[in-house]
Amino acid sequence: MLPSALLLLALVVVPLFLLVYFGLLAGPGVDGPVTGEEWARIAGQPDLYGRLLVRSLVLGLAATVLTILVAWPTAWALSRHVRRLRSLYLALVIIPHLTSSLLLIYAMYVLIAPGGPLMAALTGVGLAEPGDTLLFTRWAVLLMLAYLFLPFMVMALYAAVERIDDTVLDAARSLGAGAWQRFRHVVLPLTVPGMLAGLVIVFTPAAGAFVEARILGGTDGMMFGTLISEQVSRVNNQPRAAAMSVILLVAILVLLGGVRATLRRAFPGALRGGR
Amino acid sequence: MADLRLDEVWMSYSPEGPPVLRGLSIDVADGEFYAMVGPSGSGKTSILKVLGGFVAPDAGRVVLDGSDVSGVPPERRDLGIVFQSYALFPHLTVGENVGFGLRMRRVRAREQRAEVTRLLALVGLPEMEARYPDELSGGQQQRVALARALVTRPKALLLDEPLSALDRKIRQEMQVELRRIQREAGVTAIIVTHDQEEALALGDRLMVLDAGEVRQEGRPAEVYSHPRSRFVATFLGSANLLPATVDAVEPSRIDLGGLPAHGLILPEGSRTGDRVTVCVRPERWRLAGDDGAAPDGLALRATVRSVQLSGQVGECRLDSELGELALTVLSSQVARLEEGVEVSLHAAPDDVHVLEEPAAEPTEATEATAPAGSRP
């Protein structure tokens, strides 16, 4: 076997098998018999596990959409408008994220706390009452996740936008396409592969996030990942945590597959073959 | 279909920068195939950008179909453009690429399909509709680009070095095809190229461009056989350029360093004593018998220095009293021209062009691609 295949086996396949195996044990602890009872327990409480799973997936997807909305114009501007200062701007996008993500989370905490800069500004323009706060809501988690994974989406889209040949846009123009038509029929389809790459990079960790939810989310912003981490760190029921991880993993894969299939139908030419 | 005109167009890419187009005027008739040829940096692509509306000229007018379109953006100029890189939409099939212009104009789907089929048949690519551009060869992509540009029945077709990315054999095939398609579509076409062969083969009319100015314009055969400047003589094909002095005007007599030439047509306003350049195309020399008579035109003796056979023709270098000369003969004649053989060359008055500019060097025999300096 090739060394790379061995590496893949040791670092990905074996741990995945272990995860599935641990999930079938009876908890707590990892020395119980294989019964599958943790799966039954999870299935028996859909209002807790099901609800949080759906919330995690929705928050992850919403965060991805938010990053696309912010990153798309950013990537376009980086590739078309700031040719000379491009590296500087790219660095400015990345540098804040070189610090610990915990620091970023607490920075967000200060920003959205009652009377914090963001809330004060929102109050100033009449969008919030004094004393209102996003803190300890799912909106705080969404904002945090979008901010945290933004640079990945900028990079993914920048790579896609940068590859678009200007003469292709000139050609569309000469064929009668106005600005909106050029965007809709040429630029957007050509960046779909980049968006899909960004989706995988952003959605997967965002849907599995737990630190952000625990610090900023309160009960309103609790996520599936929060529950998993509690099973490990507080309840000490590793088999339950393993079973939940498998569920989250499968749910993420199914959702990514669904989005990919939908995009492939909508933009058949942009996503053909192995792209 | 329409006529197309540039009136005294000046253009530069930056306000302080040197002008790329210097008061350029061209006038292309309805249905004409107009070729612009020039070295890189001569402003060819800039002309297309101005015509296409991608760049606004600093001064002058662009007139399409009788009306000034200077302020009209590219998407409303109704021109078909074939780009050097083809610029096909990589995410669309061949059929969708060709139909793009109709789709932008919201033509009904059934009509779109019929037109796409018609155009793909015209360019010789039937049954390729479902392929993607990256599954086609360069020549096929070229045809798709052409079909896409023609599908909206544009007022004129602009071609930017359309054949430069193809290999030689396909390029010659496409030249013939391009001519056929342009005639069948009956569309006014403007091609810019740096390839003199392409320009000579394709254009109804030819314009030689240099440094943003028209150097010479006319039918290709006429421009080729009657160059009016050293630039045109050497850029289109090869030329022997010989320094000379006007001895007499009426009847004309020209002195090439002691060797006289009679009966040549002098540039207008020539006077006795003017320093001029005499130009003879290498393939216009005739190998004359040694009959002793002094005919009109230019006659001299030369010794073969080297012969290089390249397919149908042989390229020879000769030493003469005027310095090194280039001679091109059909390959059937090459056998007579061994190294060291002395031959008599004669060029008829119509094949000897007197150019106003004095020669830069005492003697030179130049070729379009690689100028060879004189080596006495």
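Remember, it's a predicted structure, so these values are computed and weren't measured experimentally.

A.B. asks: Can you walk me through the sheet that holds strand β19 (residues 342-347) of chain B in this structure?
C.D. replies: The strands that make up a sheet are held in pairs by hydrogen bonds between backbone atoms, and each pair lies either parallel or antiparallel. All names here are of chain B. What the 5 strands build is an open sheet, ordered β15-β19-β16-β17-β18; its pairing is antiparallel. On the outer flanks of this sheet lie β15 (286-288) and β18 (323-330), each paired with one strand and no other. When strand polarity is set aside, the average angle formed by the axes of neighbouring strands in this sheet is 50°. Two strands pair when backbone bridges link them, and strand β17 (residues 313-320) and β18 are joined in this way by 8 bridges, in the antiparallel orientation. Paired with glycine 314 across the two strands is valine 329, which belongs to β18.

A.B. asks: Which parts of the structure should I look at to understand the packing of aromatic side chains?
C.D. replies: Aromatic ring pairs are reported here in terms of the distance separating the ring centres and the angle at which the planes meet. Counted according to the given criterion, the structure contains 9 aromatic pairs over all chains. The interplanar angle of 50° and the centroid separation of 5.8 Å between the aromatic rings of tyrosine 21 of chain A and phenylalanine 22 of chain A together place this pair among those described as tilted. Its relative accessible area of 43% is what places tyrosine 21 of chain A among the partly exposed residues. Between tryptophan 72 of chain A and phenylalanine 183 of chain A, the aromatic rings sit 5.3 Å apart at their centres with planes inclined by 80°, giving edge-to-face as the arrangement. Placement of the pair is tryptophan 72 of chain A in helix α3 (residues 46-80) and phenylalanine 183 of chain A in helix α9 (residues 179-207), with a sequence separation of 111 residues. Residue class for phenylalanine 183 of chain A comes out partly exposed when judged on its relative accessible area of 27%. Pairwise contacts between aromatic rings join Trp72, Trp76, Trp180 and Phe183 of chain A into one cluster. The residue whose ring lies beneath arginine 80 of chain A is tryptophan 76 of chain A, and the NZ or CZ to ring-centre distance is 4.8 Å. A cation sits over an aromatic face here: arginine 272 of chain A above tyrosine 132 of chain B, 3.7 Å from the ring centre.

A.B. asks: What's the story with helix α11 (residues 224-233) of chain A in this structure? I'm lost.
C.D. replies: Three- or four-residue spacings in an α-helix give side chains the same orientation, since the helix completes a turn every 3.6 residues. Burial within α11 of chain A is extensive, with 8 of its 10 residues counted as buried. Phe224, Gly225, Thr226, Leu227, Ile228, Ser229, Glu230 and Gln231 of chain A are the residues of α11 of chain A that are buried.

A.B. asks: Which parts of the structure should I look at to understand the packing of helix α8 (residues 166-174) of chain A against α9 of chain A?
C.D. replies: Helix-helix packing is described using two parameters, namely the angle between the two axes and the distance between the axes. Residues and elements named next belong to chain A. Contact geometry of α8 with α9 gives a least axis separation of 11 Å together with a crossing angle of 140°. Here α9 runs oblique to α8, going by the angle between their axes. Seen along the crossing, α8 lies across α9 with a hand that is right-handed. Facing Val168, Leu169, Ala172 and Arg173 of α8, the residues of α9 in contact are Arg182, Val186 and Val187.

A.B. asks: Looking at this structure, how should I read the pattern of salt bridges?
C.D. replies: Any two side chains of opposite charge can pair, so long as their charged atoms come close to each other. All names here are of chain B. All chains considered together, the criterion is met by 33 salt bridges over all chains. The salt bridge partner of glutamate 32 is arginine 205, with a shortest N-O separation of 2.5 Å. Taken together, the residues glutamate 32 in the loop between β2 (21-28) and β3 (33-37) and arginine 205 in strand β9 (residues 205-210) connect sequence positions 173 residues apart. Residue classification places glutamate 32 among the buried residues on the basis of a relative accessible area of 12%.

A.B. asks: What's the story with the interface of chain B and chain A in this structure? I'm lost.
C.D. replies: Each partner contributes to the interface: chain B provides 23 residues, whereas chain A provides 23 residues. Interface area, chain B with chain A, both sides summed: about 2,000 Å², of which 60% is carbon and sulfur. When residues of chain B are sorted by the area they lose upon contact with chain A, Glu75, His91 and Met104 of chain B head the list and together hold 32% of the total. One can count 8 residue pairs in polar contact (both at pLDDT 80 or more) joining chain B with chain A. Of all the secondary-structure elements, those providing two or more residues to the side of chain B that touches chain A are β6 (79-82) and α2 (94-104) of chain B. Looking at the side of chain B that touches chain A, the element that brings in the most residues is α2 of chain B, giving 4 residues.

A.B. asks: How should I be thinking about the confidence of the model for chain B in this particular structure?
C.D. replies: Residue and element names in this part refer to chain B. Of the residues in chain B, 93% have a pLDDT of 70 or more, and the chain-wide mean is 88. Looking over chain B, one finds the lowest element-wise mean pLDDT in strand β21 (residues 364-366), namely 47, and the highest in α2, namely 96. Predicted confidence is poor over residues 362-376, with pLDDT under 50, and the contacts of this stretch with residues over four places away or in other chains come to 38 contacts. Two summary scores accompany this predicted model of the complex, namely pTM at 0.84 and ipTM at 0.84.

A.B. asks: Explanation requested: the pairing of β17 of chain B in the structure shown.
C.D. replies: Side chains on a regular strand alternate between the two faces of the sheet. Where strand β16 (residues 298-310) of chain B and β17 of chain B come together, 8 bridges link them in antiparallel fashion. Looking at the pairing, threonine 303 of chain B lines up with aspartate 319 of chain B of β17 of chain B.

A.B. asks: Sorry if this is basic, but what is going on with the nonpolar core here?
C.D. replies: Soluble globular proteins tend to bury their nonpolar side chains together. Judged by nonpolar contacts, the single largest core of 102 residues is most densely connected at Leu6, Met36, Ile47, Leu51, Phe100 and Ile190 of chain B. Residue contributions to this core peak at 13 residues, all from helix α7 (residues 138-162) of chain A. Core analysis: the second largest hydrophobic core is formed by 44 residues, Val37, Val123, Leu163 and Ala199 of chain B among them.

A.B. asks: Can you walk me through the pairing of strand β10 (residues 213-218) of chain B in this structure?
C.D. replies: All names here are of chain B. Pairing of β9 with β10 involves 5 bridges; the strand directions are antiparallel. Across the sheet, the residue bridging to valine 208 is glutamine 216, located in β10. In this antiparallel pair of consecutive strands, β9 and β10, the connection spans 2 residues, and alanine 211 shows a positive phi of 50°.

A.B. asks: Could you clarify how one ought to interpret unusual backbone geometry in this entry?
C.D. replies: Generally, phi is negative for residues other than glycine and the peptide bonds are trans, each holding for most cases. Residues and elements named next belong to chain B. Between glutamate 250 and the following residue, proline 251, the backbone shows a cis peptide bond with an omega angle of -5°. Relative to the helices and strands, proline 251 is located in the loop between β11 (239-248) and β12 (253-256). In the Ramachandran plot, alanine 87 falls in the positive-phi region, its phi being about 50° despite a non-glycine side chain. Looking at the secondary structure, you find alanine 87 in the loop between β6 and α2. Take alanine 87: its relative accessible area is 3%, and that puts it in the buried class. The phi torsion at glutamate 161 lies on the positive side, around 40°, for a residue other than glycine. As for its placement among the helices and strands, glutamate 161 is situated in the loop between β7 (156-160) and α5 (168-185). The class of glutamate 161 is buried, set by a relative accessible area of 6%.

The rules behind these values
- Residues numbered from 1 in each chain as written.
- Chains lettered and ligands numbered in written order.
- Predicted model: local features only at pLDDT ≥ 70, side-chain atom pairs only at ≥ 80, totals over all residues.
- Heavy atoms only, no water.
- Pairing = 2+ DSSP bridges.
- Helix = DSSP H or I, 4+ residues; strand = E, 2+ residues; numbered from the N terminus.
- Axes fitted to C-alpha atoms, helices over the stretch in contact; angles between N-to-C directions.
- Phe/Tyr/Trp six-rings, centres within 6.5 Å; stacked < 30°, edge-to-face > 60°.
- Buried < 20%, exposed > 50% of the residue type's maximum accessible area, 1.4 Å probe, protein only.
- Lys NZ or Arg CZ within 6 Å of the ring centre and 35° of its normal.
- Parallel < 35°, antiparallel > 145°, perpendicular 65-115°, else oblique.
- Left-handed = near helix turned anticlockwise from the far one by under 90°.
- Contact = heavy atoms within 4.5 Å.
- Salt bridge = Lys/Arg side-chain N within 4 Å of Asp/Glu carboxyl O.
- Buried area = accessible area lost by both parts, 1.4 Å probe.
- Polar contact = N/O pair within 3.5 Å; in protein donor to acceptor, adjacent residues only side chain to side chain.
- pLDDT = per-residue confidence, 0-100.
- Core = buried A, V, L, I, M, F, W, Y, C linked by side-chain atoms within 4.5 Å.

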